[in-house]
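Geometric and topological summary
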Amino acid sequence: MKTVFDAIASSYLREDEHWGCDLDVVVRAIHPFLPRVAYVDLGCGPGFHVATIAHWFPEASVTGVDYSFAMLAEAEREVRCFGLQNVSLVQANISEFKPARMYHVLTCLNNTLGNVCACGETPAVREETARAMHALLVSGGKLVASVYNLEKFSQRYGENFRVLPQSDIKRGELFVEYMPHGVEPVQYYSHWFTESEFVRLLEQNGFKIELLEKRLARLVVVATAI
Ligand SMILES: C[S@@+](CC[C@H](N)C(=O)[O-])C[C@H]1O[C@@H](n2cnc3c(N)ncnc32)[C@H](O)[C@@H]1O
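To start, this report covers the structure provided alongside it. (Residues numbered from 1 in each chain as written. Predicted model: local features only at pLDDT ≥ 70, side-chain atom pairs only at ≥ 80, totals over all residues. Heavy atoms only, no water.)

Considering the packing of helix α7 (residues 124-136) against helix α8 (residues 195-203)
- Relative orientation of the contacting elements α7 and α8 amounts to 50°, with a least axis distance of 9 Å. In terms of orientation, α7 and α8 fall into the oblique class. Considering only the axes of α7 and α8, their crossing is right-handed. From α7, R126, E127, A130 and M133 reach across to α8, where they touch E197, L201 and L202. (Axes fitted to C-alpha atoms, helices over the stretch in contact; angles between N-to-C directions. Helix = DSSP H or I, 4+ residues; strand = E, 2+ residues; numbered from the N terminus. Parallel < 35°, antiparallel > 145°, perpendicular 65-115°, else oblique. Left-handed = near helix turned anticlockwise from the far one by under 90°. Contact = heavy atoms within 4.5 Å.)

What to know about the packing of aromatic side chains
- Summed over the entire model, instances satisfying the criterion amount to eleven aromatic pairs.
- When the centroid spacing of 5.6 Å and the interplanar angle of 90° are considered together, the rings of F153 and W192 count as edge-to-face. Of this pair, F153 sits in the loop between β5 (137-148) and β6 (161-163) while W192 is found in the loop between β8 (186-191) and α8, placing the two residues 39 residues apart along the sequence.
- With 6.5 Å between their ring centres and 75° between their planes, F161 and Y188 make a pair best called edge-to-face. On the criterion of sequence distance, the pair formed by F161 in strand β6 and Y188 in strand β8 is long-range, its members being 27 residues apart.
- Residue class for Y188 comes out buried when judged on its relative accessible area of 13%.
- Pairwise contacts between aromatic rings join F5, Y148, F153, Y157, F161, Y178, Y188 and W192 into one cluster. (Phe/Tyr/Trp six-rings, centres within 6.5 Å; stacked < 30°, edge-to-face > 60°. Buried < 20%, exposed > 50% of the residue type's maximum accessible area, 1.4 Å probe, protein only.)

Focus: the sheet that holds β6
- Spatial ordering of the open sheet is given by β6-β7-β8, a layout of three strands whose pairing is antiparallel. Unpaired on one side and paired on the other, β6 and β8 mark the two borders of the sheet. On average, each strand axis in the sheet is tilted by 30° relative to the strand beside it, whichever way the strands run.
- Sheet topology note: the strand β7 (residues 173-178)/β8 ladder contains six bridges and is antiparallel. Paired with Y178 across the bridge in β8 is V186. (Pairing = 2+ DSSP bridges.)

Observations concerning the pattern of salt bridges
- Counted by the stated rule, this structure contains 13 salt bridges.
- D24 is the partner of R215 in a salt bridge, and the nearest nitrogen-oxygen pair spans 2.6 Å. Remark: D24 occurs in helix α3 (residues 23-30) and R215 occurs in strand β9 (residues 207-215); sequence separation between them is 191 residues.
- For D24, a relative accessible area of 38% corresponds to the partly exposed category.
- When salt bridges with common partners are traced through the structure, they connect D22, D24, E213, R215 and R218 into a single cluster. (Salt bridge = Lys/Arg side-chain N within 4 Å of Asp/Glu carboxyl O.)

Here's the deal with the side chain of N115
- Within the secondary structure, N115 sits in helix α6 (residues 112-115).
- Exposure remark for N115: the relative accessible area of 17% places this residue in the buried category.
- Setting aside its immediate chain neighbours within four residues, N115 contacts F5, Y188, Y189 and S190.

Concerning the state of the cysteines
- Enumeration according to the criterion identifies zero disulfides in this entry.
- Sulfur of C21: no disulfide; nearest cysteine sulfur belongs to C44 and is 15 Å away.
- No disulfide involves C108; its nearest neighbouring cysteine sulfur is the one of C44, lying 11 Å away. (Disulfide = S-S within 2.5 Å.)

Structural notes on helix α5 (residues 69-82)
- The end-to-end C-alpha separation of α5 is 20 Å, in line with the 20 Å expected for 14 residues at 1.5 Å each.
- Taken residue by residue, α5 has M71, L72, E74, A75 and V79 as its buried positions. Buried positions in α5, seen along its axis, are confined to an arc of 155° and lie on one side of it. For α5, the exposed residues set more than 90 degrees away from the buried face come down to F69, R77, R80 and C81.
- Next to the buried residues of α5 lie α1 (4-8), α2 (12-15), β2 (61-66) and β3 (87-91).
- Downstream of α5 by one or two residues, G83 has phi in the positive range, about 65°. (Expected span 1.5 Å × (residues − 1). Arc of directions from axis to C-beta.)

These results come straight from atomic positions and should not be treated as a statement about function.
And the structure:
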């Protein structure tokens, strides 16, 4: 089934007004594990963070995981454009990604955590994802996660987006329609987090929070797997 991420892949960074660059925190997190850091980005989308980290740190082993073939095709283009030899792109659902290795640093950025829960499922999917992220990290490994901050929610969601009436905004439960010109509209689910909810999700699933910053529409966390 075609998801919003397939529909938006080629224009995602331009169209998602809430998107932001977290490279500075990712670099800080990987620093202690250089030069041969094992880094994975879950829900890597068009590969912005994966390609840049691989480019800056050629001895790093970098993995990007996404279930959208269209997003992975964009990421592949970035990887080829930079001529990177140290990136693997894996098509998988995060919940089914079971690699043979563990990672020093794992990222899950720009509200991928708010997208993992498909319509009709319970927030338990986010709990499972947090546990899955923990299981992928070595002890003392670092998680960098950014989610959309409910405090910053506004009905004006973006030029090609419409927040649907069945959304429960108080609980951050958003159903959104993406309606680009000349293409079939696609609906999708996006959870926006309160700060306390995001902290609780990570702390109850094996992480110690080292840094939490509010950046534009995002809450950005660096946490250690304990
Ligand atoms: C909001 S975008 C963020 C993309 C990227 N992290 C960034 O910062 O540019 C969410 C991405 O997660 C992917 N995604 C969402 N749920 C997923 C799941 N359960 N398994 C794998 N990928 C998923 C989508 O295909 C999409 O590329």
